[in-house]
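Observations on chain architecture
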Amino acid sequence: MMIAVTAVAFLICIVIGIQTIQKYSTLRELREQESKLQAQYEAELQLSQELKDKEAYVKTDEYVEEMARRLGLLYPNEIIFKSDK
């Protein structure tokens, strides 16, 4: 009788040990996933900030002037000198 109780207790310990190992494995995987998601979140935050900065820049007169220059537009009293090269 004592051997049977000991065997059952031993089997219960083995089962609990296996489940504990599986839970730690799952926990490790979830922590790795959390780390990856945190890095992705930070990258997205940085991109969001860059886009906000770009949006603010696009609304400035400096940006409008830069785009006008690229299109070849001038101020009314401005003259462009080009070389004959």
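Higher on the page you've got the structure.
What counts and what doesn't
- Residues numbered from 1 in each chain as written.
- Predicted model: local features only at pLDDT ≥ 70, side-chain atom pairs only at ≥ 80, totals over all residues.
- Heavy atoms only, no water.
- Helix = DSSP H or I, 4+ residues; strand = E, 2+ residues; numbered from the N terminus.
- Rg over C-alpha atoms; globule rule 2.2 N^0.38 Å.
- Buried < 20%, exposed > 50% of the residue type's maximum accessible area, 1.4 Å probe, protein only.
- Areas by Shrake-Rupley, 256 points an atom, 1.4 Å probe, with all protein chains shown as cover.
- Patch = residues over 30% accessible without salt bridge, like charges linked within 9 Å, V, L, I, M, F, W, Y side chains within 5 Å.
- Salt bridge = Lys/Arg side-chain N within 4 Å of Asp/Glu carboxyl O.

Some details on the overall build of the protein chain
The number of helices and strands found in the protein chain is two helices and zero strands. Against the compact-globule benchmark of 12 Å for 85 residues, the protein chain has a radius of gyration of 34 Å, which places it well outside the compact range. When its C-alpha atoms are laid out on the principal axes, the protein chain stretches across 110 × 30 × 10 Å. Going through the 85 residues of the protein chain one by one, you find that 1% of them count as buried. Accessible area for the protein chain stands at about 8400 Å²; split by element, carbon and sulfur atoms hold 62% of it.

Some words on a nonpolar patch on the surface
A cluster of nonpolar side chains, namely Phe-10, Leu-11, Ile-14 and Ile-18, defines an oily patch on the protein surface of about 390 Å² accessible area. When you line up the elements, Leu-11 lands in helix α1 (residues 2–58).

Here's the deal with the pattern of salt bridges
Using the criterion set out here, one finds four salt bridges in the structure. Between Glu-32 and Arg-28 there is a salt bridge whose closest N-O contact spans 3.8 Å. In this pair, Glu-32 and Arg-28 both sit in helix α1, four residues apart, roughly one turn of the helix. A relative accessible area of 41% means that Glu-32 is categorised as partly exposed. Of the residues examined, Arg-28 reaches a relative accessible area of 47% and is grouped as partly exposed. The partner of Glu-66 in a salt bridge is Arg-70, and the shortest N-O contact between them spans 3.0 Å. Of this pair, Glu-66 and Arg-70 both sit in helix α2 (residues 61–70), four residues apart, roughly one helical turn. The exposure class of Glu-66 is partly exposed, given its relative accessible area of 29%.

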